[in-house]
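Working through the structure, step by step
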Amino acid sequence: MKKILLTAVAALAIVGCSQNEEIEKAGEKAEINFGSIVKGSTRAAVTTTSNFKEFTVSGYKTADVMSTGTQLVTGFIDDLLVENSESTGWGYTGTFYWPITGKVQFFATSPKQSLDLSAEGYPTFSYTIKSVTSQEDLVAANLIDQVKTSGDITLTFQHLLTQVNFSIKGDTPDFTYAVTKLELKGLKDKAIFKFNGTPETVGSWETLEASAENIIYAYTAPENTPVTVAPTAENKDLSTSFETANNALFMLMPQALSDVTLDITYSAAPTLHPNEYTFNSTKTVKLTGEWGMGKNIRYTLKLTSDASAVTFSPTVNGWSDETGTTEPVTPPAE
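The sections below set out a description of the structure shown in this document.

What counts as what
- Residues numbered from 1 in each chain as written.
- Predicted model: local features only at pLDDT ≥ 70, side-chain atom pairs only at ≥ 80, totals over all residues.
- Heavy atoms only, no water.
- Buried < 20%, exposed > 50% of the residue type's maximum accessible area, 1.4 Å probe, protein only.
- Helix = DSSP H or I, 4+ residues; strand = E, 2+ residues; numbered from the N terminus.
- Pairing = 2+ DSSP bridges.
- Core = buried A, V, L, I, M, F, W, Y, C linked by side-chain atoms within 4.5 Å.
- Contact = heavy atoms within 4.5 Å.
- 1 Å grid on protein atoms, 1.4 Å probe; cavity = no way out; pocket = protein on both sides within 12 Å on 5 of 7 lines; lining within 4 Å.
- Points joined across faces, edges and corners; volume = space filled by probe spheres on them.
- Nonpolar A, V, L, I, M, F, W, Y, C, P; charged D, E, K, R; others polar.
- Axes fitted to C-alpha atoms, helices over the stretch in contact; angles between N-to-C directions.
- Salt bridge = Lys/Arg side-chain N within 4 Å of Asp/Glu carboxyl O.
- Phe/Tyr/Trp six-rings, centres within 6.5 Å; stacked < 30°, edge-to-face > 60°.
- Lys NZ or Arg CZ within 6 Å of the ring centre and 35° of its normal.

The element strand β12 (residues 162–170) is extensively covered by neighbouring structure, given that 8 of its 9 residues are classed as buried. Examined bridge by bridge, β12 and strand β20 (residues 250–252) share 3 bridges and lie antiparallel to one another. What sits directly across from Q163, in β20, is M251. Inspection of the sheet shows β12 paired to strand β18 (residues 240–241) by 2 bridges, in the antiparallel sense. Within β18, the position partnered with S167 by the bridge is S241.

The structure is reproduced here in structure tokens:
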């Protein structure tokens with residue numbers, strides 16, 4: 001995937017008396033510095049170099065290396081907001097110093113999520129997909145067993161959701177297809193994300209479920225502006241995408257597709273006679289496969305016109321034969 005490097009380097013500072021027990025002398029270079037990378041690039045705004053404006057990071061001090069039996073506790077760096085200013089670049093409040101002993105475990109999210117440390121091992125957070133108008137790109141990073149000699153910290157953010165996009169084609173040249181609505185049904189939209197300590201995957205989703213009955217995520221075209229495609233004899237494979245640059249039509253929960261369907265509401269009519277519909281209703285298709293975390297899935301829908309061409313098959317009735325009758329021929333008088 002394409003990597004987007006964000007020059008987010010700044011100093012963080014410990015606050016609270018309990019965190020000043022074991023720190024390097026202030027005169028030495030012991031500040032914790034951050035840099036960040038967004039892996040890949042996922043109608044939600046896509047996180048890119050230009051629009052990645054903030055993330056929240058927490059650091060947990062441990063006596064030894066991180067493991068599934070480690071109990072993380074708060075108090076070292078808690079929900080620190082790191083923001084990108086056009087005038088001053090990346091920055092945050094305070095200065096945080098490396099401890100003399102032990103290690104530091106870093107976990108970051110954008111937008112901010114509430115990390116759960118109640119169980120031993122890596123932190124988790126619960127997430128529910130938002131409505132289509134409020135959907136967002138969700139990214140996270142973790143960096144494990146860090147010490148002062150590790151140098152500047154580079155947080156590698158991974159996309160946690162699946163970007164689902166659609167394009168349309170038409171099956172009949174010189175027809176115009178106009179889509180007014182797409183409805184995804186049968187989805188699971190809620191899960192718990194658990195960090196795993198690796199920069200490559202960051203973690204995985206668990207306990208996937210539907211937050212309510214009859215979950216529907218719908219795209220409805222603005223009034224009088226459907227998404228259209230009009231193939232021609234010269235360009236039969238013409239296609240139109242629903243999303244525009246730097247956004248996604250849907251940001252959804254990664255999942256295996258078992259009962260997921262798509263309802264497509266559209267019309268089809270000859271391009272030269274736009275009101276003479278050959279189809280104007282809704283069709284349903286079943287989606288299969290799997291939506292992977294951090295993947296951009298595109299479905300190309302080939303719409304049918306359901307048109308039956310008017311044809312002529314002339315026949316000419318045969319002649320019907322009849323026998324003619326006449327009056328008796330009377331000889332002329334002499």
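What follows continues from the structure just given.
For the rest of this paragraph, the subject is the nonpolar core. Soluble globular proteins: nonpolar side chains tend toward being buried together. Of all hydrophobic cores here, the largest spans 57 residues; its most connected members are F166, L182, W205 and F250. Top contributing element to this core by residue count: strand β13 (residues 175–185), with 5 residues. Those residues within four positions of F250 in sequence are excluded, and the remaining contacts are V132, Q135, T162, Q163, V164, N165, F166, L184, Y217, A218 and Y219. Grouped together as the second largest cluster of nonpolar side chains are 20 residues, F52, V104, V139 and F157 included.

One number sums up the size of the largest pocket: a volume of about 170 Å³. Among the residues forming the lining of the largest pocket, the class breakdown is 4 nonpolar, 3 polar and 4 charged.

The next point concerns the sheet that holds strand β14 (residues 190–195). Each strand in a sheet pairs with another by means of backbone hydrogen bonds, the pair being arranged parallel or else antiparallel. Read across the sheet, 3 strands follow the order β9-β14-β15 without closing on themselves; strand pairing throughout is antiparallel. If you trace the sheet from one side to the other, it starts and ends with β9 (124–128) and β15 (203–209), each paired once. On average, each strand axis in the sheet is tilted by 25° relative to the strand beside it, whichever way the strands run. Across 5 bridges, β14 lies against β15 in antiparallel orientation. Directly across from K190, in β15, lies its bridge partner E209.

Computed from the structure, the largest cavity encloses a volume of approximately 40 Å³. In terms of lining residues, the largest cavity is bounded by T56, V57, S58, D79, F107, T109, Q113 and L115. Where the lining of the largest cavity is concerned, the elements lending two or more residues are β5 (54–62) and β8 (103–110). A total of 3 residues in the lining of the largest cavity trace back to one element, the largest contributor, which is β5. Taken together, the residues of the lining of the largest cavity sort by class into 3 nonpolar, 4 polar and 1 charged.

Scanning the model with the defined rule gives 4 salt bridges in all. Residue K130 pairs with E136 through a salt bridge whose shortest N-O separation is 3.3 Å. The exposure class assigned to K130 is partly exposed, which follows from its relative accessible area of 37%. Among the residues examined, E136 registers a relative accessible area of 16% and is labelled buried.

On to the packing of aromatic side chains. Tallied over the full model, the rule gives 16 aromatic pairs. Between the aromatic rings of F166 and Y299, the centroid separation amounts to 5.4 Å while the plane-to-plane angle is 20°, which identifies the pairing as stacked. One end of the pair, F166, is in strand β12; the other, Y299, is in strand β25 (residues 296–303), and 133 residues separate them in sequence. When sorted by exposure, F166 lands in the same class as Y299, which is buried. Judged by centre distance (5.4 Å) and plane angle (90°), the ring pair of F193 and F195 falls under edge-to-face. Every member of this aromatic cluster is reached through a ring pair, and the members are Y60, F107, Y122, F125, Y127, F193, F195 and W205. The ring of F279 has K283 sitting right over it, with the charged end atom 4.7 Å from the ring centre.

These values are about where atoms sit, not about what they do.
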